[in-house]
Amino acid sequence: MLYSEKVMDHFTNPRNLGKMENADGVGEVGNAKCGDIMKIYLKVENDIIVDAKFNTFGCGSAIASSSMATEMIKGKPISEALQLSNQAVVEALDGLPPQKLHCSVLAEEAVQAAVKDYYDKNGIAYDPDMFKTGHCHECHEGQCSCD
Ligand code: FES
């Protein structure tokens, strides 16, 4: 079977799906190649992510990745959410097919974009290098041959 049970579960029954009103941080990212778009919303209290939601216009793996990512960052300090890697999301999903790994990168980038938005809105100083994922902006792969 191409997809793990966890991927199928999070795809057919996504957690934290939907728009969040009055979010403290919103991150939207897209993959230029496939055209998929992911948006993640955060509610933050005392530096803790008390709630997270997502909207994803994309493939099943992107939906499963965003569902899992929001589950993984809920209840965590912002600083921990920033460390969330696409590999951790893939592991939590019991794997993704190799050609679908880039879909999980969207989740990592959307979480980071939402944290950055939270920092910007609240005038919190940060090192911009924290938000450099090292992923290629063309294909969003960790190691690609685009450039
Ligand atoms: Fe575009 Fe999965 S194919 S995110």
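Data block above holds the structure.
Residues numbered from 1 in each chain as written. Predicted model: local features only at pLDDT ≥ 70, side-chain atom pairs only at ≥ 80, totals over all residues. Heavy atoms only, no water.

Trainee: Is there a simple way to think about the pattern of salt bridges in this case?
Mentor: If the charged atoms of two oppositely charged side chains come close together, the side chains can form a pair. Taken as a whole and assessed by the stated rule, the structure comprises 7 salt bridges. One salt bridge in this structure joins Glu 71 and Lys 74, with 3.8 Å as the shortest N-O distance. We classify Lys 74 as partly exposed; its relative accessible area is 31%. (Salt bridge = Lys/Arg side-chain N within 4 Å of Asp/Glu carboxyl O. Buried < 20%, exposed > 50% of the residue type's maximum accessible area, 1.4 Å probe, protein only.)

Trainee: Just checking my understanding: could you explain the packing of aromatic side chains for this structure?
Mentor: How two aromatic rings sit relative to each other is given by the distance of their centres and the angle of their planes. Summed over the entire model, instances satisfying the criterion amount to 4 aromatic pairs. Summarising the aromatic geometry, the rings of Tyr 118 and Tyr 119 are spaced 6.0 Å apart at their centres and angled 45 degrees between planes, so their arrangement reads as tilted. Like Tyr 119, Tyr 118 is buried. Ring centres of Tyr 119 and Phe 131 lie 6.3 Å apart, and the angle between their planes is 75 degrees; on these two criteria the pair is classed as edge-to-face. (Phe/Tyr/Trp six-rings, centres within 6.5 Å; stacked < 30°, edge-to-face > 60°.)

Trainee: Which parts of the structure should I look at to understand the sheet that holds strand E2 (residues 37-45)?
Mentor: Two orientations exist for strands paired in a sheet by backbone hydrogen bonds: parallel and antiparallel. The antiparallel open sheet is built from 3 strands, whose spatial order is E1-E2-E3. The open sheet has two edge strands, strand E1 (25-30) and strand E3 (48-57), and neither has a second partner. Across the sheet, the mean angle separating the axes of adjacent strands is 15 degrees when strand polarity is ignored. Inspection of the sheet shows E2 paired to E3 by 9 bridges, in the antiparallel sense. Each residue of the ladder has a partner; that of Glu 45, found in E3, is Ile 48. Its contacts with the sheet put helix H2 (residues 60-73) on E2 and E3, and the angle it makes with E3 is roughly 175 degrees. In the packing of helix H5 (residues 101-121) onto the sheet, contacts are made with E1 and E2, and the angle to E1 comes to roughly 145 degrees. (Pairing = 2+ DSSP bridges. Helix = DSSP H or I, 4+ residues; strand = E, 2+ residues; numbered from the N terminus. Axes fitted to C-alpha atoms, helices over the stretch in contact; angles between N-to-C directions. Contact = heavy atoms within 4.5 Å.)

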